Every structure is written in structure tokens, then in C-alpha cells.
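Remarks on the overall topology
One letter stands for each residue in the lines below.
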Amino acid sequence: MFEVIPAIDLKGGKCVQLRQGNAADVIFSTDEHPVEIARRWVSAGARTLHVIDLDGAFRGSVVHYQMIKQIADSVNAKIQVGGGIRSYESAAKILNIADKVILGTVAFKNPEIIRRVVEDFSEERVIVAIDARSGKVAVDGWQQTTDMHVRDAARFVEEETHAGCILFTNIDVEGLMKGIDADAIREVVSAVSIPVIASGGVSGIEDVLAAKKAGASGIVIGSAIYTRKIDLKNAIQQSMI
Ligand code: AMZ
């Protein structure tokens, strides 16, 4: 079933939204505690929360562990966690408190780590993030762009890492709130047989429906729910029709 997944991106202990992943370009930041925000999204009907440790992704190691644990302990929803998880030990530690880990950089630098996590914890608990800039995979907090094309990356993830799911984030449209690129989603979906969660660019309910139509198994929404362009409860209801 298609799922609408609210994003909680953590930076400096706060819930923020960045434009195209640029740490200096903050669209939204709030003093409301991330736990309260998490509770609000779950009250609106979210069954999964997408929690990203942005400082972790920039630094290459988890920074917000305690806050993520607090969120996990406070809500009755699944949580998928990513950002800075670059070792087997770090993934195992996060899987103690979260339902799923999201692994990006390490999938392309040390894929054997993903295989080990899949073997020890199950493929259902491992999501590999393909973060794409101009059709190529970006890593290290999106500060580096590789030569790997998204389509090849998707096949590589399915065949070589054995992860159960792909998170496809389109940096070209992320944080711009100008709509998704449905063709880019379709390209990833058609390259693999595992589910693909799409992320980036959602600005209205039509994007949610377009992502569903493109074959995604879910969509992550960030800026649009924080700037109230989308009412999460309504989006969840509409996506089920
Ligand atoms: O906004 C950013 N600069 C950013 C971001 N949102 N950098 C990484 N990430 C997210 C990816 C993925 O979910 O979309 O962090 C995760 C990957 O982190 P890592 O450390 O495994 O590459």
C-alpha cells in the first residue's frame, strides 16, 4: 500500500528543512521540540516517520542519537532513520531503537556493510538511499557527486546490497516546492523490482498522487507540510483512494 511519510530532519537539535540539502539555506526551522512535531504527524495519521540526522550526514557519524531515541520512545509509529550511518555498528545501534535504517553513502563506498546488516537484521529493515543530482548519485551529505547514474545505482542496490527498499531523493527538485519529477521516479521504479520510496519536490496533493501513479511505494513530504502547503491528514486520506 502507498504510504505518505512525513520528514523530520534534525539539525542542531531542531527540526529544519533545507533547500537542496544546503546547510546554509534553511527554509524552515522551529523551536517546537522535534518530539512534539513527531506526535503531531502521528496524530494526523502518519504510520511511519522519516527521521534524518542532517548533522550526521554532514559529519559522517550519527549526532542526534538521543533525540531519535526520544522520538522513537514517544510515538506509536514506525520510524526509519538515516544520515551519517556509515558502519555496521552504527546501523546496528540505530536498529535497536528504530524500525528501519536508511543507508546512503556507505552503499556506494562499502556495500558489503549493507549485505551484513541485511543478513543479520533482514532486508525489510534496510533502505538504501539513492540521492540524485542531475541523474548522478550524490554522497557525503550531498557534498560530493559520483559518476554513477541513478539507474545503474538502483540495479546495483538491488543486486549487490540485497536491501529491501530504495529511497530515491531527487536533489534537483528537493526543497524547491515546485513539484516532483515523476519521470525520474518512473525511471528508478522500472529499473528494479524492490519498492521505491520517492522524496523531493512535493508541493501539493497532486505530487503525492503523481508519485503513486509513477509506481512509488511511498512519498516523503518535508517542506510542504511545514509551510502548510499540504495538510498531512488530507494527503494521507487522498492517497488511499
Ligand atoms: O540534505 C542533505 N544534505 C542530506 C540529506 N537529506 N544529506 C544526506 N541526506 C539524507 C539522504 C539519506 O536519507 O537523503 O541522509 C541519508 C543518507 O545519509 P548517509 O550518511 O548514509 O549518506
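Scope of this entry: the structure provided in the associated data block.

The rules behind these values
Residues numbered from 1 in each chain as written. Predicted model: local features only at pLDDT ≥ 70, side-chain atom pairs only at ≥ 80, totals over all residues. Helix = DSSP H or I, 4+ residues; strand = E, 2+ residues; numbered from the N terminus. Rg over C-alpha atoms; globule rule 2.2 N^0.38 Å. Contact = placed C-beta atoms within 7 Å. Buried ≥ 20, exposed ≤ 12 C-beta atoms within 10 Å, placed from the backbone. Pairing = 2+ DSSP bridges. Near = placed C-beta within 6 Å. Nonpolar A, V, L, I, M, F, W, Y, C, P; charged D, E, K, R; others polar. Arc of directions from axis to C-beta. Right-handed = clockwise from strand over helix to strand, strands pointing away. Core = buried A, V, L, I, M, F, W, Y, C linked by C-beta atoms within 7 Å.

**Some details on the overall build of the protein chain**
Looking only at helices and strands, the protein chain features 11 helices and 12 strands. On C-alpha atoms alone, the protein chain measures out to a radius of gyration of 16 Å, which is about the 18 Å that the 2.2 N^0.38 rule sets for 241 residues. The principal-axis extent of the C-alpha atoms belonging to the protein chain is close to 40 × 40 × 35 Å. A separation of at least 24 residues holds for 66% of the contacts in the protein chain among residues at least 6 apart in sequence.

**Focus: the environment of Pro-34**
Take Pro-34: it is sitting in helix 1 (residues 34–43). Here Pro-34 falls in the buried class, since 23 other C-beta atoms lie within 10 Å of it. With 18 residues separating them along the chain, Pro-34 and Val-16 place their C-alpha atoms 9.5 Å apart. The residues touching Pro-34, leaving out its near neighbours within four places in the chain, are Ile-8, Leu-10, Cys-15, Met-67 and Ile-71.

**Looking at the pairing of strand 9 (residues 144–149)**
Relative to strand 9, strand 8 (residues 136–139) runs antiparallel, the two being bridged by 3 bridges. Note that in strand 9 the partner of Ala-138 across the bridge is Thr-145.

**Focus: the site of the ligand**
Every one of the 22 residues lining the ligand counts as a neighbour, but Gly-21, Ala-57, Gly-104, Thr-105 and Ala-129 are closest to it. Within the shell around the ligand, the residues separate by chemical class into 12 nonpolar, 8 polar and 2 charged.

**Some words on helix 3 (residues 65–74)**
Taken together, the buried positions of helix 3 are Met-67, Ile-68, Ile-71 and Ala-72. Burial along helix 3 is one-sided: seen end-on, the buried residues are contained in an arc of 140°. Away from its buried face by more than 90 degrees, helix 3 exposes Gln-66 and Asp-73. Contacts from the buried residues of helix 3 go to strand 1 (3–11), helix 1, strand 4 (48–53) and strand 5 (78–82).

**Points about the pairing of strand 5**
The element strand 5 is largely enclosed, with a buried count of 4 among its 5 residues. Both strand 4 and strand 5 contribute to a ladder of 5 bridges, which runs parallel. Among the inter-strand pairings, Leu-49 is bridged to a residue of strand 5, identified as Ile-79. Here strand 5 runs beside strand 6 (residues 100–103); their pairing, made up of 3 bridges, is parallel. Residue pairing for strand 6: Gln-80 is matched across the bridge by Lys-100. Once the chain exits strand 5 it traverses helix 4 (residues 88–95) before rejoining the sheet at strand 6, and the crossover so formed is right-handed.

**Describing the nonpolar core**
Counting residues in each nonpolar core, the largest one holds 82 residues, and the members touching the most others are Val-101, Leu-103, Val-128 and Ile-130. Setting aside residues up to four positions removed in sequence, Ile-130 forms contacts with Val-137, Val-150, Ala-153, Ala-154, Val-157, Ile-166, Phe-168 and Val-188.

**Regarding the environment of Asp-55**
Summarising the element assignment, Asp-55 is placed in helix 2 (residues 54–59). Looking at Asp-55, the number of C-beta atoms within 10 Å reads 19, which means it is partly exposed. Considering only alpha carbons, one finds Asp-55 and Ala-216, 161 residues apart in sequence, at a separation of 28 Å. If near-sequence neighbours (up to four positions away) are discounted, Asp-55 is found in contact with Lys-11, Gly-12, Val-63 and His-64.

**What about the environment of Val-63?**
Secondary-structure assignment places Val-63 in the loop between helix 2 and helix 3. Looking at Val-63, the number of C-beta atoms within 10 Å reads 21, which means it is buried. Val-63 has contacts with Asp-53, Asp-55, Gly-56 and Gly-84, leaving out every residue within four places of it along the chain.

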